[in-house]
There are 2 protein chains.
Amino acid sequence: VPSSVDAAPPRMRADAARNRARLVAAAREVFTAAGDGAEVTMDAVAKRAGVGIGTLYRHFPTRLELMEAVYREDVDNLRAQAHALVDGQEPWQALAAWLEVFVKFAIDKRALFSELVNAIGKHSELISHSRGVLNEIVTELVANAQAAGVVRADVQAGDVLSLVGGCTMMNLDADQAKRVLRVILDGLHR
Amino acid sequence: VPSSVDAAPPRMRADAARNRARLVAAAREVFTAAGDGAEVTMDAVAKRAGVGIGTLYRHFPTRLELMEAVYREDVDNLRAQAHALVDGQEPWQALAAWLEVFVKFAIDKRALFSELVNAIGKHSELISHSRGVLNEIVTELVANAQAAGVVRADVQAGDVLSLVGGCTMMNLDADQAKRVLRVILDGLHR
């Protein structure tokens, strides 16, 4: 039987995967609580995850790699939420609900996202990948809603992303974000 | 009769004012044509204005001061256009027409504005002043339109500025900008 360096005993691999997931979740909580990601230390993340600092560094040798993992999973979650809404809701409701989720996400993650883009660049694989996923999501949601006749036909997915993405960069508080999204949704609806 | 260093002969002062205005207008043309302001030289501006380089440096010792003068006059022009629209148009038409002017302005000046903010900071007198003027304009246009019952009551001037200002930072081309503004206007209208 050939062996491989990847072939750890099943029990170990499951443990490692569980630790990794726990570390990413802990990092997300610590980053969100900090507001400014610059204050977040690796120690605080290991402590929150309930693992030793050695385990943390084995999974994520640098703080940046940890931030990348958090952001990649965030974008996966946005996609999973979009699929759930497409499956479970009418096209208009799916679009409106997902845009609400996205606006909250973009506002909550503004500091983290800006630190990440400064560190890895907007043309990096992760940022390009995220842009691609967001574009796919909005393309599907808008196409469904247009096919159902509930979104104006003279609008494109990129327009919707510019409208929603643009205003999330304007330092809106939660109330303003709600009002602004209502204007956008009323403008899209037909 | 007391004398003052400011008291130049009337003829000289008129000449100086005319030269200054000509220099600012020439700089605006050269900056707009260049797209990227970094390529603009003082020589090119003096040449376009039809004055000697000495005259240019007497009015504007640095390239930055010239950029500031252009931007300050741009914002004055936006205010003058708003007043003309308020005086000459129905409230809805005034708001819609001014936002169209502003979107075109913000897209055309994106490179210049970003270079300017990087150089003098967003809390500088000029940028704060401009923000204040834009805020005043939109406050008046929105209040008029709300008083006339043609803009939804649950929106504030800052929301409109975030909506319009945000998406002008998203690298829209002219067609996208038109579509996006149409969505915003339909969302504001009632």
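Structure: see above.
Draft legend 1. Inspection of the overall build of chain A at higher detail. The helix and strand inventory of chain A stands at 9 helices and 0 strands. Listed by position from the N terminus, the elements making up chain A come as α-α-α-α-α-α-α-α-α. Taken over the C-alpha atoms alone, chain A extends approximately 60 × 45 × 30 Å along its principal axes. For chain A, long-range pairs separated by at least 24 residues make up 66% of all intrachain contacts whose partners lie at least 6 apart in sequence. Put simply, chain A shows about 9900 Å² of open surface, and 53% of that area lies on carbon and sulfur atoms. Positive and negative charge centroids in chain A, built from 22 and 24 side chains respectively, lie 4 Å apart.

Draft legend 2. Main features of the pattern of salt bridges. Residues and elements named next belong to chain A. Summed over the entire model, instances satisfying the criterion amount to 28 salt bridges over all chains. Asp74 is the salt-bridge partner of Lys109, the closest N and O atoms lying 2.8 Å from each other. You can see Lys109 sitting in the loop between helix H5 (91-108) and helix H6 (110-120) and its partner Asp74 sitting in helix H4 (residues 63-88), a full 35 residues away along the chain. Of the charged contacts, one joins Asp108 and Lys104 as a salt bridge, the two residues approaching to 2.7 Å between their closest N and O atoms. Here Lys104 and Asp108 lie together in helix H5, a separation of 4 residues that amounts to about one turn. A relative accessible area of 54% places Lys104 in the exposed class. Residues participating in the shared-partner salt-bridge network are Arg28, Glu73, Asp74 and Lys109.

Draft legend 3. Structural view of unusual backbone geometry. All names here are of chain A. A positive phi angle, close to 55°, is found at Asn171, a residue other than glycine. With respect to the helices and strands, Asn171 occurs in the loop between helix H8 (157-168) and helix H9 (174-188). On the accessibility criterion, Asn171 (56% relative accessible area) is exposed.

Draft legend 4. Expanded view of the packing of aromatic side chains. All names here are of chain B. All told, the structure shown has 8 aromatic pairs over all chains when counted by the stated rule. Ring geometry for Trp98 against Phe102: centres 5.3 Å apart, planes inclined by 5°, an arrangement best described as stacked. Placement of both Trp98 and Phe102 in helix H5 (residues 91-108) is noted, with a separation of 4 residues, approximately one turn of the helix. By the burial criterion, Trp98 is buried, and Phe102 matches it.

Draft legend 5. The environment of Phe60 of chain B, seen in detail. All names here are of chain B. By the element assignment, Phe60 lies in the loop between helix H3 (53-59) and helix H4 (63-88). By relative accessible area, which is 2% here, Phe60 ends up buried. Linking Phe60 and Val24, residues 36 residues apart in sequence, is a C-alpha distance of 9.6 Å. Filtering out sequence-adjacent residues up to four positions away, Phe60 remains in contact with Arg20, Leu23, Val24, Met42, Glu65, Leu66 and Ala69.

Draft legend 6. How the structure looks around the packing of H4 of chain A against H6 of chain A. Residues and elements named next belong to chain A. Contact geometry for H4 and H6: axes closest at 11 Å, N-to-C directions at 125°. With respect to their mutual orientation, H4 and H6 come out oblique. For the pair H4 and H6, the crossing hand works out as left-handed. Residues Arg63, Leu64, Met67, Glu68, Val70 and Tyr71 of H4 touch H6, and the partners they reach there are Leu112, Phe113, Glu115, Leu116, Ala119 and Ile120. Classifying every residue of the contact of H4 with H6 by side-chain character gives 9 nonpolar, no polar and 3 charged.

Draft legend 7. Representation of the side chain of Asp74 of chain B in the model. Taking the relative accessible area as the measure of exposure, Asp74 of chain B reaches 5% and is therefore buried. When neighbours within four sequence positions are excluded, Asp74 of chain B is seen to be in contact with Arg28, Phe105 and Lys109 of chain B.

Draft legend 8. Spatial organisation of the interface of chain A and chain B. At the interface, 23 residues of chain A touch 23 residues of chain B. In total, about 2000 Å² of surface goes out of reach between chain A and chain B, with carbon and sulfur atoms giving 61% of it. When the buried surface of chain A facing chain B is broken down by residue, Leu163, Arg179 and Val183 of chain A rank first, second and third, together holding 28% of it. Connecting chain A to chain B are 6 salt bridges. When the shortest N-O distance is used, the salt bridge between Arg152 of chain B and Asp186 of chain A registers 2.8 Å. Linking chain A to chain B there are 8 residue pairs in polar contact (both at pLDDT 80 or more). At the level of elements, H8 and H9 of chain A are the ones that each hand at least two residues to the side of chain A that touches chain B.

Draft legend 9. Structural view of the state of the cysteines. Within this structure, the stated rule accounts for 0 disulfides over all chains. Not engaged in a disulfide, the cysteine Cys167 of chain A finds its nearest cysteine sulfur in Cys167 of chain B; these two sulfurs lie 8.2 Å apart. When its relative accessible area of 3% is taken as the criterion, Cys167 of chain B is described as buried.

Draft legend 10. Highlighting the relation of the copies chain A and chain B. When chain A is fitted onto chain B, the two copies agree to an RMSD of 0.0 Å after a turn of 180° and an axial shift of 0.0 Å. One copy is carried onto the other by what is essentially a two-fold rotation axis. Both copies present the same face, since 100% of the interface residues in chain A are matched by interface residues at the equivalent positions in chain B.

Draft legend 11. Inspection of H4 of chain A at higher detail. The terminal C-alpha atoms of H4 of chain A lie 37 Å apart, and with 26 residues this matches the ideal 38 Å at 1.5 Å per residue to within 8%. Within the sequence span of H4 of chain A, burial applies to Leu66, Met67, Ala69, Val70, Tyr71, Asp74, Val75, Leu78, Ala82 and Leu85 of chain A.

Draft legend 12. Highlighting helix H7 (residues 125-147) of chain A. All names here are of chain A. Here H7 is 23 residues long and its end C-alpha atoms lie 32 Å apart, about the 33 Å a rise of 1.5 Å per residue gives. What H7 keeps buried is the set Leu126, Ile127, Ser130, Val133, Leu134, Ile137, Val138, Leu141, Val142 and Ala145. Elements that come into contact with the buried residues of H7 comprise H4, H5, H6 and H8. At the C-terminal side of H7, Gly149 shows a positive phi close to 75°.

Cut-offs applied
Within any chain, residue numbers begin from 1 and follow the written order of that chain's sequence. Going through the entries in the order they are written, you letter the chains from A and number the ligands from 1. The predicted origin of the model limits local features to residues at a pLDDT of at least 70 and limits the giving and counting of side-chain atom pairs to 80 or more, whereas totals for whole chains, interfaces and linings rest on all residues. Calculated side-chain values reflect all of the structure's heavy atoms, with hydrogen atoms and water omitted. Labels follow the DSSP assignment, with helices taken as runs of H or I lasting at least four residues and strands as runs of E lasting at least two, numbered in each case from the N terminus. Residues count as neighbours in contact if any of their non-hydrogen atoms are within 4.5 Å of one another. Method for areas: the Shrake-Rupley scheme with a 1.4 Å probe, in which residue coverage is limited to the protein chains shown. For the purpose of charge, His is not counted, nor are the chain termini; Lys and Arg are scored as positive and Asp and Glu as negative. Charge placement uses NZ in Lys and CZ in Arg. For Asp and Glu, CG and CD serve respectively. Think of a salt bridge as a Lys or Arg side-chain nitrogen and an Asp or Glu carboxyl oxygen that are within 4 Å of each other. Burial classification: accessible surface area is computed with a 1.4 Å probe over protein chains only, and a residue below 20% of its type maximum counts as buried, one above 50% as exposed, and the rest as partly exposed. Paired rings are identified among Phe, Tyr and Trp, the last through its six-membered ring, by centres lying within 6.5 Å, and are further divided according to the angle between planes into stacked (under 30 degrees), edge-to-face (over 60) and tilted (the rest). Lines are fitted to the C-alpha atoms to define the axes, a helix being fitted only along its stretch in contact, and any angle between axes, read from their N-to-C directions, falls within 0 to 180 degrees. Relative orientations are named as follows: roughly parallel for angles under 35 degrees, roughly antiparallel for angles over 145 degrees, roughly perpendicular for angles from 65 to 115 degrees, and oblique for any other angle. By definition, turning the near helix anticlockwise from the far helix through less than a right angle yields a left-handed crossing, and turning it clockwise yields a right-handed one. Throughout this entry, Asp, Glu, Lys and Arg are counted as charged residues, while Ala, Val, Leu, Ile, Met, Phe, Trp, Tyr, Cys and Pro are counted as nonpolar. The remaining residues, Gly among them, count as polar. Put simply, buried area is how much 1.4 Å-probe accessible surface two parts lose in total, over both of them, once they are put together. Polar contact is defined as a pair of N or O atoms within 3.5 Å, subject to the rule that within protein one atom must be able to donate a hydrogen and the other to accept it, and that residues adjacent in sequence are counted only when both atoms are side-chain atoms. Cysteine sulfur atoms are paired as a disulfide whenever they fall within 2.5 Å. Copies overlap after least-squares fitting; the atoms used are the C-alpha atoms of residues with pLDDT of at least 70 in both. Residue count minus one, scaled by 1.5 Å, sets the expected span of a helix.

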